[in-house]
Amino acid sequence: RVDTNSVTLDTTVPATPTVSLSDANTASTVHTNQALVDLAITGDTDAAKWCVLETLQGDPAPTAPLSSDACFTSPRPTTYTLTGRGNREVYVYTQDTATNVSAAAGMPSLEFPLPTALTMTGPSSIPQSGYSDAIVVTGLDSYGMTSPAQSLTTVTLTGAGAGSFYSDAGCTTSVTTAPIAAGAAATSNLYYKSQTTGALTLQSAAYSTTANLSTSV
């Protein structure tokens, strides 16, 4: 008696997935103002693991991963954290239970622009010898959305006239600059105090641009 067994060798690669990236708040598939974005993967027939790679648009495509690459994880990811700024391209490869890797990657792109503009918000009037309400300087991207600083950014404050900017609500610590921390979009609250009445234009400068706040004492 002879017993025989048959083995089926699976060498069929999984389907190339369809992938999209979008802003978690606006659902825009064009641009985002935050690193954590939504990742939608469909058409990934037979996929058991997924590998997500990223490059700056225009850079060489990443090398296709081997089946043993640590980038392959499960379950299917639904979000992704961008690792840089500018136009980002994300490559999604799939792997099936037989460790076959998709021949191509789904490749969406999404712009995560740097701040290029400022806005300065605060009170339209300030009591003489009193403290102003909070003044805040915020970075904006080219789409007019608030945009986090890539690194520590110093905002220069001018136009205070006879008064001064302060970093505290009690107006005891005067400042001529204010930081926007890396990953933050705006300064902490700033304040203004002056003994002299009249109209004035408070000014802020960073990212090679300026923003003004028209107010009066």
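Every residue gets a number counted from 1 within its own chain, in the order that chain's sequence is written. For this predicted model, a pLDDT threshold of at least 70 governs which residues receive local features, and a threshold of 80 or more governs which side-chain atom pairs are given and counted, while totals over whole chains, interfaces and linings are taken from all residues. The side-chain quantities take in all heavy atoms of the structure and omit both hydrogens and water.

K.L.:
Can you walk me through the packing of aromatic side chains in this structure?
P.N.:
Geometrically, a pair of aromatic rings is defined through the distance of the ring centres and the angle of the planes. Working definition: rings of Phe, Tyr and Trp (its six-membered ring) pair if their centres are within 6.5 Å, and the pair is stacked with planes under 30 degrees apart, edge-to-face with planes over 60 apart, and tilted otherwise. Overall, the coordinates contain one aromatic pair when judged by the stated rule. Taking the centre distance of 5.9 Å and the plane angle of 70 degrees together, the rings of F165 and Y192 count as edge-to-face. Residue F165 is located in strand β10 (residues 164–166), and its partner Y192 is located in strand β13 (residues 191–193); the two are separated by 27 residues in the primary sequence. Note on accessibility: F165 and Y192 belong to one class, buried. In this scheme, the term charge over a ring applies when either NZ of a lysine or CZ of an arginine sits within 6 Å of the ring centre and within 35 degrees of the ring normal. Just above the ring of F112 sits the side chain of R85; from NZ or CZ to the centre is 4.1 Å. Per the convention used, a helix needs a DSSP run of H or I reaching at least four residues, while a strand needs a run of E reaching at least two, with both numbered from the N terminus. The rule is simple: take the accessible area with a 1.4 Å probe, protein chains only, and divide by the maximum for that residue type; under 20% is buried, over 50% is exposed, in between is partly exposed.

K.L.:
I keep staring at the state of the cysteines and nothing clicks. Help me out?
P.N.:
Put plainly, a disulfide is one covalent bond tying together the sulfur atoms of two cysteines. For this text, the term disulfide refers to a pair of cysteine sulfurs within 2.5 Å. Counted by the stated rule, this structure contains one disulfide. Disulfide pairing is shown between C51 and C71; the S-S distance is 2.0 Å. On the sign convention where negative is left-handed, the bridge of C51 and C71, at about -105 degrees about the S-S bond, is left-handed. Separated by 20 residues along the polypeptide, C51 in strand β3 (residues 49–56) and C71 in the loop between β3 and β4 (79–81) bring together distant segments of the chain. Taken as a pair, C51 and C71 share a single burial class, namely buried.

K.L.:
Looking at this structure, I do not really get the sheet that holds strand β2 (residues 36–42). What am I missing?
P.N.:
Either a parallel or an antiparallel arrangement is found when strands of a sheet pair, and the pairing is made through backbone hydrogen bonds. When DSSP locates at least two bridges between a pair of strands, those strands are taken to pair. The antiparallel open sheet is built from three strands, whose spatial order is β1-β2-β4. Sheet topology places β1 (18–23) and β4 at the edges, where each strand pairs with a single neighbour. In this sheet, adjacent strand axes meet at a mean angle of 35 degrees when their direction is disregarded. Sheet analysis places β1 next to β2, joined by six bridges and oriented antiparallel. Paired with D23 across the bridge in β2 is V37. Only C-alpha atoms enter the line fits that serve as axes; for helices the fit covers just the stretch in contact. Angles between N-to-C directions range over 0 to 180 degrees.

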